[in-house]
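# Fold and contact review
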Amino acid sequence: MILSLNTFSQNTDKELKKLVKQITADAKTDRDKAEAFHDWIAKNIAYDTKAYLSGKIHEQNLENTLKTRRTLCSGFSELFTAMCDEVGIRSEVVEGYSRGYGFDLFNREDPMVTNHAWNAVNLDGSWYLLDVTWDAGFMEGKRFKLRYSTHYLFRKPEEMIFTHYPVKTYQQFLERPLNAYEFTELPFLHGRFFDEKLRLLSRPERLVEMSLDQDYVFEMEVPKDRMVNVLLVGEDRQKRQDCVWVNRNGNKATIRVRFPKKGQWKAYMMSKTPEEKLYTDSGRIGFEVRTTNNDYFPLAYSPFQKELCTLNTPLKKTLNRGETINIDVLLPNYVLATIIVNGKWIPLESVGGNRYVLTYTVPNDAVEVILYGDKSKSGEDYTSLIKWEVK
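Residues numbered from 1 in each chain as written. Predicted model: local features only at pLDDT ≥ 70, side-chain atom pairs only at ≥ 80, totals over all residues. Heavy atoms only, no water.

## Examining the overall build of the protein chain
Convention followed: Counting from the N terminus, the helices are DSSP H or I runs at least four residues long and the strands are E runs at least two residues long. Buried means the residue's accessible area, taken with a 1.4 Å probe over protein chains only, is under 20% of the maximum for its type, while exposed means over 50%, and partly exposed covers the values in between. By the convention used here, residues are in contact when the closest approach between their heavy atoms is within 4.5 Å. Per-residue accessibility takes into account occlusion by the displayed protein chains alone, with areas from the Shrake-Rupley method and a 1.4 Å probe. We score Asp and Glu as negative and Lys and Arg as positive, and we do not count His or the chain ends. Charged groups are reduced to one reference atom each: NZ for lysine, CZ for arginine, CG for aspartic acid, CD for glutamic acid.
Of the regular secondary structure elements, the protein chain holds 10 helices and 28 strands. Counting across all 391 residues of the protein chain, residues that qualify as buried make up 51%. Within the protein chain, residue pairs in contact and separated by at least 24 positions form 63% of the contacts whose partners lie at least 6 positions apart. Taken as a whole, the protein chain presents about 19400 Å² of accessible surface, with 46% of it coming from carbon and sulfur. On the protein chain, the mean spot of the 55 positive side-chain charges and the mean spot of the 54 negative ones are 3 Å from each other.

Below, the structure written as structure tokens:
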């Protein structure tokens, strides 16, 4: 619903009551009303980037916000709470630190510095958090790009804490509130991470030091209808996906990361459904790498993760000619498995529990080894799953 604000009089209270009545005309519950307020503000009010970047900030009151349709975060949050007050919904403005515009994994954080405002709302006896500013859009250069979302609508306290740290401790609404240091150790998890029903089973820190030649491994809970991946980006903006491997076992994803050279690396956690073309970024971890590992991972084709498969060995990109390897994989939904080398089919042995194994010596004239799986017993519908290079 788009309402004209050009005729707002100086009697702001009267006009606010009229606006709230229009916005909530079809709302039946307090949750419906709070969501309607969030949506109206996010779709009708833009962030005042000119004021923010110039430092020339006019008074952030309701009248200015409604007349100009521009404000800063305090104006967004004050307007939401004012609308809730009109219909008797308990709401608070929350001030504190957020990992918003300008945040970088490698920069020192000071959560005691207030740089943002958002809201808490009490619905059916429970506190939820929301950030209308972030759901209205984002800053792109010196301009604010309108892009409505609900990524920060009714976030649970244990979800919001990954990006928002209140000045008032009680406004974390956690059973055990975090101190500032504990907050800075948390990875960056976007609201999308929780919208997509992802959950960290191990808790990686925001910034990890890697001083040993070993994989970094963490686990996530992932719905069976979603695929996850990690994009590794170096400080030179080099993007690497052959340095990440994802094994799936039901709802659990085990993610292994290797680093091709020293320096700073960002790991972008991403997910999508099998039908979606592109992955979306939903979380980030930073790495300070002091060693290298040039033994990358093989190529996994889309069906490997879509069918929740696991590769135990060999977890390396390149096989050596004359090398004896032990292939060990879990292939749910497949009844046949084989590798093809130089046009020859070498079947894997089924040892039960969707597990297939093969001990094999790579021929001296081999170029690549490709693993295939077949869901039928006909042997006529094989799908490529993994490819190893041979040198």
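## Here's the deal with the packing of helix H1 (residues 12-23) against helix H2 (residues 30-44)
The condition that has to hold: Comment: axis = line fitted to C-alpha atoms, over the contacting stretch for helices; angle = value between 0 and 180 degrees taken between N-to-C directions. Reported orientations rely on four angle classes, namely roughly parallel under 35 degrees, roughly antiparallel over 145, roughly perpendicular from 65 to 115, and oblique for the rest. Note on convention: the crossing is left-handed when the near helix lies turned anticlockwise from the far helix by less than a right angle, right-handed when the turn is clockwise. Residue type decides the class: Asp, Glu, Lys and Arg count as charged, Ala, Val, Leu, Ile, Met, Phe, Trp, Tyr, Cys and Pro as nonpolar, and the leftover types, Gly among them, as polar.
It is at 10 Å that the axes of H1 and H2 come closest, and there the two elements cross at 110°. Taken together, the axis directions place H1 and H2 in an arrangement best described as roughly perpendicular. Crossing geometry of H1 relative to H2 is assigned as right-handed. In this structure, H1 uses Leu-19, Val-20 and Ile-23 to contact H2, whose residues at the interface are Ala-36, Phe-37 and Trp-40. For the contact of H1 with H2, the class distribution of residues is six nonpolar, no polar and no charged.

## Some points on the environment of Pro-303
Looking at where Pro-303 falls in the secondary structure, it is placed in helix H10 (residues 302-306). Overall, Pro-303 belongs to the partly exposed group, its relative accessible area being 23%. In the structure, Pro-303 is positioned 83 residues away from Ile-386 in sequence and 9.4 Å away in space, judged by C-alpha atoms. Residues within four places of Pro-303 in sequence aside, it is in contact with Cys-309, Tyr-334, Thr-383, Ser-384 and Leu-385.

## Concerning the side chain of Asp-131
The line we're drawing: Every case where a carboxyl oxygen of Asp or Glu lies within 4 Å of a side-chain nitrogen of Lys or Arg is listed as a salt bridge. Residues adjacent in sequence count toward polar contacts only when both atoms are side-chain atoms; beyond that, a polar contact is any pair of N or O atoms within 3.5 Å, and within protein one must be able to donate a hydrogen and the other to accept it.
Along the chain, the position of Asp-131 falls in the loop between strand S5 (126-130) and helix H6 (132-136). Buried charge Asp-131 goes without a salt bridge, the closest partner of opposite sign being Arg-155 at 11 Å. Here the side chain of Asp-131 touches His-116 through a polar contact of 2.6 Å, side chain to side chain. Residues in contact with Asp-131, not counting those within four places in the same chain, are His-116, Ala-117, Trp-118, Tyr-152, Met-160 and His-164.

## Quick word on a nonpolar patch on the surface
Using the following cut-off: Here a patch means residues that are over 30% exposed by relative accessible area and free of salt bridges, tied together within 9 Å if like-charged and within 5 Å if nonpolar (Val, Leu, Ile, Met, Phe, Trp, Tyr).
A grouping of Tyr-52, Leu-53 and Tyr-101 is seen on the molecular surface, where their side chains present a nonpolar patch of about 310 Å² in accessible area. Residue position: Tyr-101 is located in the loop between strand S3 (91-98) and strand S4 (116-123).

## Comments concerning H2
What counts here: Helix span, as expected, comes to 1.5 Å for every residue beyond the first.
The terminal C-alpha atoms of H2, which comprises 15 residues, lie 21 Å apart, in line with the 21 Å expected from a rise of 1.5 Å per residue. Among the residues making up H2, those that are buried are Lys-33, Ala-34, Ala-36, Phe-37, His-38, Asp-39, Trp-40, Ile-41, Ala-42 and Asn-44.

## Describing a negative patch on the surface
On the surface, Asp-30, Asp-32, Glu-35 and Asp-124 cluster together into a negatively charged patch. Relative to the helices and strands, Asp-32 is located in helix H2. Under the relative-accessibility criterion, Asp-32 is labelled partly exposed at 33%.

## Here we look at the environment of Gln-22
Checked against the element boundaries, Gln-22 lands in helix H1. With 112 residues separating them in the primary sequence, Gln-22 and Trp-134 have C-alpha atoms 24 Å apart.

## Notes on the nonpolar core
Formally: We call a set of buried residues a nonpolar core when its members are Ala, Val, Leu, Ile, Met, Phe, Trp, Tyr or Cys and they connect through side-chain atoms within 4.5 Å of each other.
Counting residues in each nonpolar core, the largest one holds 40 residues, and the members touching the most others are Phe-218, Met-220, Phe-259, Met-269 and Phe-287. Residues Phe-37, Ala-42, Ala-82 and Phe-154 belong to the second largest nonpolar core, which totals 31 residues.

## What to know about the pattern of salt bridges
Scanning the model with the defined rule gives 23 salt bridges in all. Close ionic contact of Asp-242 with Lys-317 constitutes a salt bridge, the shortest N to O distance being 3.3 Å. You can see Asp-242 sitting in the loop between strand S14 (239-240) and strand S15 (244-249) and its partner Lys-317 sitting in the loop between strand S20 (310-313) and strand S21 (318-319), a full 75 residues away along the chain. The exposure class assigned to Lys-317 is partly exposed, which follows from its relative accessible area of 22%. Taken together, the salt bridges that share partners define one network made up of Arg-99, Glu-109 and Arg-206.

## A look at the sheet that holds strand S25 (residues 349-350)
Applied cut-off: Being paired, for any two strands, means DSSP has found at least two bridges between them.
Sheet architecture is open: four strands sit in the order S20-S22-S26-S25, paired in antiparallel fashion. Of all strands in the sheet, those with a lone pairing partner are S20 and S25, marking the two edges. Of the strand pairs in this sheet, S25 and strand S26 (residues 355-361) are connected by two bridges, and their pairing is antiparallel. Residue pairing in the sheet places Ser-350 in a bridge with Tyr-356 of S26.

## Points about the environment of Val-341
Locating Val-341 in the fold gives a position in strand S23 (residues 336-341). Assessed through its relative accessible area of 2%, Val-341 is described here as buried. Each C-alpha atom of the pair Val-341 and Thr-324 lies 14 Å from the other, and the pair is 17 residues apart in sequence. Every residue in contact with Val-341, bar those within four places of it in the chain, is listed here: Ile-346, Tyr-360, Pro-363, Ala-366, Glu-368 and Val-369.

## Thoughts on the confidence of the model for the protein chain
Detailed reading of the predicted model is not advised wherever pLDDT is low. The line we're drawing: The predictor attaches a confidence to each residue, called pLDDT, with possible values from 0 through 100.
In the predicted model, the protein chain carries a mean pLDDT of 92, and 97% of its residues have values of at least 70. Note on residues 1-9: pLDDT under 50 across the span, and 21 contacts to partners over four residues away in sequence or across chains.

## Quick notes on the pairing of strand S28 (residues 382-390)
As paired strands, strand S19 (residues 299-300) and S28 are joined by two bridges and run antiparallel to one another. Bridge assignment links Leu-299 to a residue of S28, and that residue is Lys-387. Pairing between S21 and S28: two bridges, direction parallel. Opposite Leu-319, over in S28, you have Val-390 as the bridge partner.

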